[in-house]
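# Coordinates in review
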Amino acid sequence: MEKDNVMKKNNKKKRPTLQDVANLIGVTKMTISRYLRDPSKVSADMQKKIAVAVEELGYIPNRAPELLSNAKSHAIGILVPSLANQVFSQVIRGIERVTEAAGYQTMLAHYGYSAEREEERISFLLSYHIDGLILSESQHTPRTLKMIATADVPVIEMMDTVSPAIEQAIGIDNFDGGYQMVSAMIEKGYKNIVYLGARLDIRTQLRLQGYEKAMQENGLQAKSVMTEAPSSFSLGADLLQKTLTKYPQIDGIFCTNDDLATGAVFECQRQGIRIPQDIAIAGFHGHDFGQSMVPKLATVVTPREKIGQVTAEQLIARINGDPLTEKIIDLGFEIYHGESI
C-alpha cells in the first residue's frame, strides 16, 4: 500500500508553471507575466502565441504571487561613480527633491568608475525589486545590460547625451562643451592649449574629443596629459607641473573638471605664473569654489541639480505608466569666460 501511494505521488501530473509557458514559446517569464497582467503590453502576434501556449499546457495563473509582483516597492536605485565628487552630490540632491515629494525612497550605490563594480551594484539593487533605475554611465558590461533587460523596469542614463542610450538619456553634450570652451580660448588668441584629464571615463574622453576638434579646425596641434587617478586640487597641481615639463611652450590648459583647473591655478600662483597673461586656465562644471577664486575660473557651467530633477521626474512618470516620449533630453550648458582666460 505504501509503495502504491509513492508511485501515485510520483506519477501525479506536474502543474504547468510560468517558466513552462515561456519555454514553449522561447521567451522570458517576464514577457508571459506582462501578458497575464495586461495583454496589450505585448505585440498582437505574441498575444496569440501566449494564448495558444496557455491553452495547450492548461496553465492556471497563481494569483498570490501575481499580486505580490504587481506591488510597487516605491524605491528607486541610483548608481553614481563617486560619492565624494561634488558633481554627483548635486545631481542626487536634484533627484531626491523629486522622489521625496512623490513618496519614493532612493537606494544609492557607487561603483568607483568600474564597470564590473557597477554590475555588482546593479545586481544588488535589482534584488530588492526596485521600481526604476538611474545610472550615471553610458557604457556597461554585457551582463549588466542583460540584467536590466530581464528586470523590465524603467532605466535612465544621466550626464551624457552623446552615447547611445539603453532607453533614455538626460544630461549634456560633453563633446560640444569641450569644443565650445576651447574654441572660446582660441578666439582669445591662445594657440598652445593642453588638455588635462583624469579618471578617463566616457565624459572625460568626450571632452577630449571636443578639444581635439577645436584645435584641429584651427590648424593647431592637440596635446594632452592624462591619468586614471581621481580628480583633486593636488592632482591638478601635479598635472600642471608635468605639463610644463613636457610642453614648456604652453599658453593655455583646458581641464576635464574644475577640481583639476583649481589645482592648476594654485600651482601657477605658487610658481609666480600669471593667469591669464602667461597661461590661460579653464575647467568644466562651474562649481562655486571656482567663482570664489582670484581670478575667477573660466568654466563650462552645467545644470547638475536640474539633471537630477528632470531624471527623477521622467523616471517616476514612466513607473506610473506614462509612455517614453523623449529618448534624449539635453539640458544644455553655458560657457563662462571668467577671468582666467
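What counts as what
Residues numbered from 1 in each chain as written. Predicted model: local features only at pLDDT ≥ 70, side-chain atom pairs only at ≥ 80, totals over all residues. Heavy atoms only, no water. Axes fitted to C-alpha atoms, helices over the stretch in contact; angles between N-to-C directions. Helix = DSSP H or I, 4+ residues; strand = E, 2+ residues; numbered from the N terminus. Parallel < 35°, antiparallel > 145°, perpendicular 65-115°, else oblique. Contact = heavy atoms within 4.5 Å. Nonpolar A, V, L, I, M, F, W, Y, C, P; charged D, E, K, R; others polar. pLDDT = per-residue confidence, 0-100. Expected span 1.5 Å × (residues − 1). Buried < 20%, exposed > 50% of the residue type's maximum accessible area, 1.4 Å probe, protein only. Polar contact = N/O pair within 3.5 Å; in protein donor to acceptor, adjacent residues only side chain to side chain. 1 Å grid on protein atoms, 1.4 Å probe; cavity = no way out; pocket = protein on both sides within 12 Å on 5 of 7 lines; lining within 4 Å. Points joined across faces, edges and corners; volume = space filled by probe spheres on them. Pairing = 2+ DSSP bridges. Phe/Tyr/Trp six-rings, centres within 6.5 Å; stacked < 30°, edge-to-face > 60°. Lys NZ or Arg CZ within 6 Å of the ring centre and 35° of its normal. Salt bridge = Lys/Arg side-chain N within 4 Å of Asp/Glu carboxyl O.

## Some details on the packing of helix α3 (residues 29–37) against helix α4 (residues 44–57)
Interaxial distance between α3 and α4 falls to 11 Å at its minimum, and their mutual angle equals 95 degrees. Overall, the two elements α3 and α4 adopt an arrangement that is roughly perpendicular. Residue-level contacts link Thr31, Ile32 and Tyr35 of α3 to Met46, Gln47, Ile50 and Ala51 of α4. The class makeup of the residues in the contact of α3 with α4 is five nonpolar, two polar and no charged.

## A look at the confidence of the model for the protein
Predicted coordinates in areas of low pLDDT are best not read in detail. Considering every residue of the protein, the mean pLDDT works out to 91; 92% of them sit at 70 or more. Predicted confidence is poor over residues 1–13, with pLDDT under 50, and the contacts of this stretch with residues over four places away or in other chains come to zero contacts.

## Some details on helix α9 (residues 174–187)
Taking 1.5 Å of rise per residue, the 14 residues of α9 would be expected to cover 20 Å, and the 20 Å separating its terminal C-alpha atoms lies within 8% of that figure. Taken across its 14 residues, α9 has 10 buried, putting it largely inside the fold. All of the buried residues in α9 are Asn174, Gly177, Gly178, Tyr179, Met181, Val182, Ser183, Ala184, Met185 and Ile186. With a side-chain oxygen positioned 3.1 Å from the backbone nitrogen of Phe175, the residue opening α9 is Asp173. After α9 finishes, the residue Gly189 shows a positive phi value of roughly 105 degrees.

## Quick word on the layout of surface pockets
To find leftover empty space, one rolls a probe the size of a water molecule over the atoms. Taken as a whole, the second largest pocket encloses approximately 340 Å³ of empty space. Every residue lining the second largest pocket is counted, 21 residues in all, and those nearest its centre are Asn85, Tyr113, Ser231, Asn257 and Asp259. Among the secondary structure elements, those contributing two or more residues to the lining of the second largest pocket are α6 (86–101) and α10 (202–217). Tallied by class, the residues present in the lining of the second largest pocket amount to seven nonpolar, nine polar and five charged.

## Details of the sheet that holds strand β11 (residues 328–330)
Reading across the sheet, the six strands line up as β2-β1-β3-β4-β5-β11 and stay open at both edges, with parallel pairing between neighbours. Either end of the sheet is taken by a strand with one partner, and the two such strands are β2 (105–110) and β11. Across this sheet, the average inter-strand angle for adjacent strands is 20 degrees, counted without regard to direction. The pairing of strand β4 (residues 155–160) with strand β5 (residues 169–172) spans four bridges and is parallel. Residue pairing in the sheet places Glu157 in a bridge with Ala169 of β5. Sheet contacts for α6: β1 (75–80), β2, β3 (132–135) and β4; angle to β4, the most-contacted strand, approximately 140 degrees.

## A word on the environment of Asp176
If you trace the backbone, Asp176 turns up in helix α9. A relative accessible area of 25% places Asp176 in the partly exposed class.

## Considering helix α14 (residues 304–319)
Look at α14: 23 Å from first C-alpha to last across 16 residues, which is about the 22 Å you get at 1.5 Å a residue. For α14, the full list of buried residues reads Arg304, Ile307, Gly308, Val310, Thr311, Ala312, Leu315, Ile316, Arg318 and Ile319. With its phi angle positive at about 100 degrees, Gly321 sits one or two positions after the end of α14.

## Notes on the packing of aromatic side chains
Any aromatic ring pair is given by two values, namely how distant the centres are and how the planes are angled relative to each other. Applying the stated criterion across every chain yields a total of five aromatic pairs. Geometrically, the ring pair formed by Phe233 and Phe289 is edge-to-face, given 5.4 Å between the ring centres and 70 degrees between the ring planes. Note that Phe233 is positioned in helix α11 (residues 233–246) and Phe289 in helix α13 (residues 288–291), a separation of 56 residues in sequence. Using a relative accessible area of 22% as the deciding quantity, one classes Phe289 as partly exposed. A network of ring pairs unites the aromatic residues Tyr195, Tyr211 and Phe254 as a single cluster. A cation sits over an aromatic face here: Arg207 above Phe284, 4.0 Å from the ring centre. Its end group placed over the ring of Tyr179, Lys213 keeps NZ or CZ at 4.8 Å from the ring centre.

## Here's the deal with the pattern of salt bridges
According to the stated counting rule, one finds 12 salt bridges in the structure shown. Of the charged contacts, one joins Glu137 and Arg203 as a salt bridge, the two residues approaching to 3.8 Å between their closest N and O atoms. One end of the pair, Glu137, is in the loop between β3 and α8 (142–151); the other, Arg203, is in helix α10, and 66 residues separate them in sequence. What makes Arg203 buried here is its relative accessible area of 5%. The partner of Glu267 in a salt bridge is Arg270, with the nearest N and O atoms 2.7 Å apart.

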